[in-house]
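# Architecture at a glance
Now for the letters of each chain:
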Amino acid sequence: MEVRERQSATGKRLQPTPQSQHRQHRTFSPRDRGSILYARIRKKDRQKFLKNLGITTMNLLLAEDYLLQDYPEHITNTIRSGHSTCVRFNRTGDFLASGRVDGTVVIWDLETMGVARKLRGHFKNITSLSWSRCGRYLLSACQAWKVILWDLQDGSKYREVRFRAPVYGAELHPMHHHQFVAALFEEQPMLVDVTDPVEVRHILPSVEKRSDDGADTPTKEEHAKQDASHRTTAIVYTATGEHLLAGTTKGRLNIIDATTHEIIYSEKIAGGVITTLRLTDSGKELLVNAQDRTIRTFKVPDLTLADLDPDTIQIPLEHKFQDLVNRLSWNHAAFSSTGEYVAASTFNNHELYIWERGHGSLVRMLEGPKEEQGVIEWHPHKPLLAACGLETGRINIWSVTSPQRWSALAPDFVEVEENVEYIEKEDEFDIHPHEEIQKRRLDAEDEDVDVLGDAGAGGDVAPFRMPVLFNLGESDSEEEFVNVGLGTLRRKSPDDQDDGGSVAEKPPAKKTVTQRTRTRKR
């Protein structure tokens, strides 16, 4: 405590008194508070602190205004491996799975925009893709009456199920990857359990049971004929996986109990065939796309209540999205990552529409390549949208680009218009500076060395991370690379032909003519 002496007016020395201390109150932003906490904790706990923090501070500093835009603005990238027909992001948004016309499933690493793995087992067009919650398993369905559950640890077939009809789409259980539901062409949907090598199938209804006990024979035959025309075209699980939401060819929405396999609620919500069903992450909002040129959003009630009465279930209509001027039809629709926006691809048109779900107003029309877009998917955490071109099969990606703020990482960072001569320090570019070696030695002394425990025991289980292939022939597509010389490959340019031909072709072989000289005998 600081002490100072005081003197009276007469010059007599008084007793020393403590000086009053005034605390300076400072306000810290969340980023400053995180930096202070990071500096106070021990070195061995810093990695765990960053993991629990859940954000990448460097990325936020470089592009802080990236979070201000909630929907993409323009096309930023185009990737291709064959002719893609459908795409699907995993739960964390690190990988994008795409299905091709030839039955190949390609998984893209979004960080490098390169092919991480190829899965070959189908022989016809891929119709749907579904990721497991952990990200290790991928379910793919095709028009060849087959569904394959892939184990991405080694890219092998974990389970394979064959049906008696082509598959409209298949969806994995949100909690258990051993269960999935499939909508079949001109057949009743099925709930399949592949826990054992021999799968267990349960046929699901498309219409409610009729009580025709007192009806005559012609009436029963008419009812049976009407019920036979009802087919399920789209089906998804609820957020908990206890119920199923199914759309039919007659525009009806059925809620099916996944345990009893019976319809507990049915209502006609559209005037045409329901082609797409999507739920938000919370499972409280439902997106329905039908062939009546209208996209609808509904509020889904809580179906997990113990005293749930099927007679009191109501699914109120929230908004209708349509183009009243051009009367466009919609190929596919998807929710945004937060559920605040709805995006859709148009039939016989190249534009993508984005609506704000709260008010139902159109906020953006995305321009892209002059081709019709098919299946679209929104990134689970970013304002990023991926769509498949129907003509070329390329995957077009719309996103938001913002200028990087390097001054946030380096306060003395200054942009210069011309080159400036830089004078380096004596040990600036040394391989191992003496100060850094001394600092590492001091930090190592503070760490506790465990000589008795197992290094791999304890702690949280690391999440699954799919191994990425580095072999060019196994990972990248044959259509994307062309041979320009001995041992030299380059990526195909847009001007190149799609048949694998290369612009830089080998020059024609020169004809060598040998002149024969005649020798005369003298």
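Residues numbered from 1 in each chain as written. Predicted model: local features only at pLDDT ≥ 70, side-chain atom pairs only at ≥ 80, totals over all residues. Heavy atoms only, no water.

Note the cut-off: UniProt positions are given in the numbering used here, feature names are shortened, and annotations may be inferred rather than shown by experiment.
Where an unreviewed UniProt entry is consulted, the chain appears under the name WD40-repeat-containing domain protein, with the organism given as Pseudoneurospora amorphoporcata. Its UniProt record, at the heading Subcellular location (unreviewed entry), says of the chain: "Nucleus".

### So, the packing of aromatic side chains
Rules: Any two of the Phe, Tyr and Trp rings considered here, Trp counted by its six-membered ring, make a pair once their centres fall within 6.5 Å; the pair's planes then place it as stacked at under 30 degrees, edge-to-face at over 60, or tilted in between. The helix and strand labels rest on DSSP assignments: H or I over at least four residues marks a helix, E over at least two residues marks a strand, and numbering proceeds from the N terminus. Think of it in three bands: with a 1.4 Å probe and only protein chains considered, a residue is buried below 20% of the maximum accessible area for its type, exposed above 50%, and partly exposed in between. Placement of a positive charge over a ring is assigned whenever Lys NZ or Arg CZ falls within 6 Å of the ring centre and within 35 degrees of the normal to the ring plane.
All chains considered together, the criterion is met by seven aromatic pairs. On the numbers, 5.8 Å between centres and 75 degrees between planes, the contact of Tyr168 with Phe185 is edge-to-face. Here Tyr168 is found in strand β12 (residues 167-172), whereas its partner Phe185 is found in the loop between β13 (179-184) and β14 (190-193), with 17 residues between them in sequence. Relative accessible area serves as the criterion here: at 35%, Tyr168 is assigned to the partly exposed category. A ring pair is formed by Phe321 and Trp355, whose centres lie 5.3 Å apart and whose planes are at 35 degrees; its orientation type is tilted. Here Trp355 lies in strand β26 (residues 352-356) and Phe321 lies in strand β23 (residues 317-321), a separation of 34 residues in the sequence. Taken as a pair, Phe321 and Trp355 share a single burial class, namely buried. Clustering of aromatic rings is evident, with ring pairs tying together Phe321, Trp330, Tyr353 and Trp355. Sitting over the face of the ring of Tyr158, Arg159 holds its NZ or CZ atom 4.5 Å from the ring centroid.

### Examining the pairing of strand β27 (residues 361-366)
Applied cut-off: When DSSP finds two or more bridges between a pair of strands, those strands are recorded as paired.
In this structure, β26 lies alongside β27, joined through five bridges in antiparallel fashion. In the sheet register, Leu352 faces β27, and the bridge partner there is Leu366. If you look at the hairpin formed by β26 and β27, you'll find four residues sitting between the two strands, and Gly360 has a positive phi there, around 75 degrees.

### Describing the nonpolar core
A general tendency of soluble globular proteins is for nonpolar side chains to be buried together. The line we're drawing: For the purposes of this section, nonpolar cores are sets of buried Ala, Val, Leu, Ile, Met, Phe, Trp, Tyr and Cys residues that join through side-chain atoms within 4.5 Å. Contact definition: two residues touch when any of their heavy atoms are within 4.5 Å.
Residues Ile255, Ile269, Ile274, Leu277, Leu286 and Val288 are the most contacted members of the largest nonpolar core, which totals 18 residues. Those elements giving two or more residues to this core turn out to be β16 (232-237), β18 (252-257), β20 (274-279) and β21 (285-290). Setting aside its immediate chain neighbours within four residues, Ile255 contacts His243, Leu244, Leu245, Glu262, Ile263, Ile264, Tyr265, Leu303, Ile313 and Ile315.

### Some words on the pairing of β21
Residues in a regular strand project their side chains so that they alternate between the two faces of the sheet. Most of β21 sits inside the fold, with six of its six residues counted as buried. Where burial is concerned, the two faces of β21 agree: the one with Glu285, Leu287 and Asn289 and the one with Leu286, Val288 and Ala290 are both buried. Pairing of β20 with β21 involves five bridges; the strand directions are antiparallel. When the bridges of β21 are listed, Leu277 appears paired with Val288. What sits between the antiparallel neighbours β21 and strand β22 (residues 295-299) is a turn of four residues, in which Arg293 has the positive phi angle 65 degrees.

### Some thoughts on the sheet that holds strand β24 (residues 330-335)
This is how it is decided: Angular values range over 0 to 180 degrees, each being the angle between N-to-C directions of two axes fitted as lines to C-alpha atoms, with helices fitted over their stretch in contact.
Strand order in the open sheet made by the four strands is β24-β25-β26-β27, with antiparallel pairing throughout. Where the open sheet ends on each side, the last strands, each with one partner, are β24 and β27. Geometrically, the sheet is characterised by an average inter-axis angle of 25 degrees between neighbouring strands, direction not taken into account. As defined by bridge partners, strand β25 (residues 341-346) adjoins β26 across five bridges and the pair is classed as antiparallel. Its bridge partner being in β26, Tyr341 is matched across the sheet by Glu356.

### Some points on the sheet that holds strand β15 (residues 200-203)
Spatially, the four strands line up as an open sheet ordered β12-β13-β14-β15, and their pairing is antiparallel. Looking at strand neighbours, the two that pair on one side only are β12 and β15, the edges of this open sheet. Each strand axis lies, on average, 20 degrees off the axis of its neighbour in the sheet, ignoring direction. Two elements, β14 and β15, share four bridges in a ladder whose sense is antiparallel.

### Focus on the pattern of salt bridges
To keep things clear, this is the line we draw: When a carboxyl oxygen of Asp or Glu lies within 4 Å of a side-chain nitrogen of Lys or Arg, that pair is called a salt bridge.
By the definition in use, this model includes 12 salt bridges. In this structure, Glu160 engages Lys157 in a salt bridge whose closest nitrogen and oxygen atoms are separated by 3.7 Å. Residue classification places Lys157 among the partly exposed residues on the basis of a relative accessible area of 39%. Between Glu318 and Lys299 there is a salt bridge whose closest N-O contact spans 3.8 Å. Of this pair, Glu318 sits in strand β23 while Lys299 is found in strand β22, placing the two residues 19 residues apart along the sequence. What makes Glu318 partly exposed here is its relative accessible area of 24%. Residue Lys299 is classed as partly exposed on the basis of its relative accessible area of 34%. One connected set of salt bridges, linked through shared partners, spans Lys146, Lys157, Glu160 and Arg162.

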